[in-house]
Amino acid sequence: MTERPGTTALDARRRAGELDTLAAGGPVDLLVVGGGVTGAGVALDAASRGLRTVLVEARDLAFGTSRWSSKLVHGGLRYLASGRIGVARESAVERGILMTRTAPHLIRALPQAVPLLPSVGRGTAALVHTGFLAGDALRWSARTPAAVLPRARRVGPDTAQRLVPAVRTAGLRGALVAHDGQLVDDARLVTAIARTAAGYGASVLTRVRADRVTGTSAELTDTLTGRSLTITAGAVVNATGVWADQVDESIRLRPSRGTHLVFDAAALGHPRAALTVPVPGSTSRFVFALPQQLGRVVLGLTDEDAPGPVPDEPVPTEQEIDFLLATVNTALERRLTRADVRGAFAGLRPLIDTGDGDTADLSRRHAVLRSPSGVVTVVGGKLTTYRAMAQDTVDFVLRARGGAVPPCRTARLPLVGAPGHPDGRPLPDGAAPASLLARHGGEARAVLESARLPRPLEPVAEGIDVTRAEIEYAVTHEGALDAADVLHRRTRIGLVPADADRARAAVEEIVDALAG
Ligand SMILES: Cc1cc2nc3c(=O)[nH]c(=O)nc-3n(C[C@H](O)[C@H](O)[C@H](O)COP(=O)(O)OP(=O)(O)OC[C@H]3O[C@@H](n4cnc5c(N)ncnc54)[C@H](O)[C@@H]3O)c2cc1C
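Residues numbered from 1 in each chain as written. Predicted model: local features only at pLDDT ≥ 70, side-chain atom pairs only at ≥ 80, totals over all residues. Heavy atoms only, no water.

## A closer look at the nonpolar core
No. 1: Ranked by internal contacts, the top residues of the largest apolar core, which has 49 residues, are Leu-30, Val-42, Ile-107, Leu-189, Ile-193, Val-237 and Leu-415.
No. 2: Secondary-structure elements contributing two or more residues to this core are β1 (30-33), α2 (37-48), α4 (85-102), α7 (186-199), β11 (235-238), β19 (376-379) and α10 (386-401).
No. 3: The leading source of residues in this core is α7, at eight residues.
No. 4: When residues no more than four places from it in sequence are discounted, the contact partners of Val-42 are Leu-30, Val-32, Val-237, Val-378, Ala-390, Thr-393 and Val-394. (Core = buried A, V, L, I, M, F, W, Y, C linked by side-chain atoms within 4.5 Å. Buried < 20%, exposed > 50% of the residue type's maximum accessible area, 1.4 Å probe, protein only. Helix = DSSP H or I, 4+ residues; strand = E, 2+ residues; numbered from the N terminus. Contact = heavy atoms within 4.5 Å.)

## Thoughts on the sheet that holds β19
No. 1: Strand order across the open sheet formed by six strands is β7-β2-β1-β11-β19-β18, with mixed pairing between neighbours. Of all strands in the sheet, those bounded by a partner on one side alone are β7 (203-206) and β18 (367-370). Pairwise comparison of adjacent strand axes, ignoring direction, gives a mean angle of 20° for this sheet.
No. 2: Here four bridges tie β1 to strand β2 (residues 53-57), and the two strands are oriented parallel to one another. Bridging from a neighbouring strand, Val-33 pairs with Val-56 of β2. (Pairing = 2+ DSSP bridges. Axes fitted to C-alpha atoms, helices over the stretch in contact; angles between N-to-C directions.)

## Thoughts on the site of the ligand
No. 1: In the vicinity of the ligand, 38 residues are found, and the nearest of them are Thr-38, Glu-57, Ser-66, Leu-72 and Thr-384.
No. 2: With respect to the ligand, the side chain of His-74 contributes an N or O atom lying 3.4 Å from a nitrogen atom.
No. 3: In this structure, Ala-210 approaches the ligand through a main-chain N or O atom, which is 3.0 Å from a nitrogen atom.
No. 4: Protein contacts shield 95% of the accessible area of the ligand, which totals 1000 Å² for the unbound molecule.
No. 5: Every element with two or more residues in the shell around the ligand is listed here: α2, β2, β8 (208-211), β12 (256-264) and β17 (343-349). (Near = heavy atom within 4 Å. Polar contact = N/O pair within 3.5 Å; in protein donor to acceptor, adjacent residues only side chain to side chain. Areas by Shrake-Rupley, 256 points an atom, 1.4 Å probe, with all protein chains shown as cover.)

## Here's the deal with the packing of aromatic side chains
No. 1: Throughout the structure, instances matching the rule amount to one aromatic pair.
No. 2: Over the aromatic face of Phe-63 sits the side chain of Arg-67, whose NZ or CZ is 4.8 Å from the ring centroid. (Phe/Tyr/Trp six-rings, centres within 6.5 Å; stacked < 30°, edge-to-face > 60°. Lys NZ or Arg CZ within 6 Å of the ring centre and 35° of its normal.)

## Examining the sheet that holds β8
No. 1: Taken together, the three strands give an open sheet; going across it, the order is β8-β9-β10, and neighbouring strands pair in antiparallel fashion. A single partner strand is all that each edge strand has here, and the edge strands are β8 and β10 (228-232). Neighbour-to-neighbour, the strand axes of the sheet open up by a mean angle of 30°, direction not taken into account.
No. 2: As paired elements, β8 and strand β9 (residues 217-222) share four bridges and run antiparallel to each other. Of the residues in β9, the one forming a bridge with Asp-211 is Glu-219.
No. 3: This element, helix α1 (residues 12-23), spans β8, β9 and β10 of the sheet and lies at about 65° to β10.

## Let's talk about the pattern of salt bridges
Close approach of charged atoms lets side chains of opposite charge pair.
No. 1: Applying the stated criterion across every chain yields a total of 40 salt bridges.
No. 2: Residue Arg-227 is joined to Asp-20 by a salt bridge in which the shortest nitrogen-to-oxygen separation is 2.9 Å. With Arg-227 in the loop between β9 and β10 and Asp-20 in helix α1, this pair connects stretches of sequence that are 207 residues apart.
No. 3: Residue Asp-20 is classed as partly exposed on the basis of its relative accessible area of 43%.
No. 4: Linking Asp-499 and Arg-296 is a salt bridge whose minimum nitrogen-to-oxygen distance equals 3.0 Å. Of the two residues, Asp-499 is situated in helix α15 (residues 497-515) and Arg-296 in strand β15 (residues 296-300); the sequence distance between them amounts to 203 residues. (Salt bridge = Lys/Arg side-chain N within 4 Å of Asp/Glu carboxyl O.)

## Focus on the pairing of β19
No. 1: Going residue by residue along β19, you find Val-376 and Val-378 tucked away on one face and Thr-377 and Val-379 tucked away on the opposite face as well.
No. 2: The pairing of β11 with β19 spans two bridges and is parallel. The residue of β19 that forms the bridge with Asn-238 is Thr-377.
No. 3: Relative to β19, β18 is paired through four bridges, and the arrangement is antiparallel. Bridged to Arg-370 within β19 is Val-376.
No. 4: Hairpin connection between β18 and β19: a loop of five residues separates the two successive antiparallel strands, and Gly-374 in this loop has a positive phi of roughly 95°.

Here it is, written out as structure tokens:
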């Protein structure tokens, strides 16, 4: 078993060397197909149990659904409301593990405020309040301290306005406030998991597509060079999310689309809490305006059946945009319009088709399934529960192999950047911008010290708080292979197309300088 992590740095040279090693043959215990949160989690679990693990991702880490989420680390409250206590408890436990041990550097406690406006009747308010108290009970049962996630409470109108300055004032009776976890970014979580896996010896290979996948083999194509090779492995895990049925045709999925809109935080008065607005006519659906990094607020979320071919990048519909604006406007002093929208994105939930029901009611629980071809597919679930999904999957693979099943270790393994990871080193106060610390945690010092190009602390473009050193680190340590990887996955500058346009030239210059 690999006890001490090796290097977590991913770059083009490591990728090329590991592809050469694979082409030369040699035993592989586990091939993981798909580099979203699920595949990265499986790779980390397997590599940290001592399995020789290879992860292949056709595009880039977090290219698929994993970068289109609401970036919440959920306590599972909505599952509790529908009586799915097991799913809710698993979420709460995994949230606690992420926030206290494995990734506290990437997650903060986010207050969520439901303003008590005339449109929110006493009945709805009582239901929300009961739900928040149940959420507290879940947090307590998962042993997550109130110091990490404060208790739910009711606040008066003044505090409500301080938390969400844009809230409508007429008739405001105050707000109900509860806390959940919020990731600085979902794609950063995936990269951190994949790099931590690489530190345990996993080969993490982006731009490598798997075809003709069986229970013990696959044809791999390096999409940068066109070179192909056949890999054989003790087991193969299909973690391709909404593409799972293309890798294993015995899988039946029913994707559901969720859309978010992106605003400047100034358009909502720089909120400190997530504005949570009940959807008119429903007691269980809400839209959220979530304050985010890079001075933005993200408004979501829809839940629409999305049958048909799976696009590379799903596109929000006009109706979804109208629905989100109309719903949030019921709680705002000044109406948001389409002119305020700076970006929009949509993602497809990889839900398992149970044959009937509205997508909002389909099972959110994950499944580990073995197909007749022997491929093990893990699908469903959510970002929050990636670790438990990975544990179930690797346990399944090891039990099928026979012999001893080494215990899962991931509940206690800090991801790269988290306190306790060997790569972390303290940084004197004020040595790095707060935004860089929020994205890199204990690796902030490494980001600064490994920068070789000029003006490392300069922002990549005016008004965007991503430094040139972070762009460099994305290429030298985080496996970004081109400017698109940097703009759209290692940073989220690309969520606002106009920002991506402003930063592109500087990012390309840094990527080219490092390639030369
Ligand atoms: C709108 C929305 C909001 C959400 N919000 C939250 C939230 O706030 N909190 C939460 O916990 N969960 C949330 N979720 C759920 C969560 O985002 C998903 O469950 C999770 O990201 C799925 O990850 P995955 O790795 O299974 O799939 P993906 O991230 O889609 O990864 C699959 C990968 O497989 C690759 N691939 C496909 N075919 C091949 C092939 N042949 N060879 C190699 N690679 C291949 C793809 O390129 C892709 O990168 C949300 C989901 C949606 C849609």
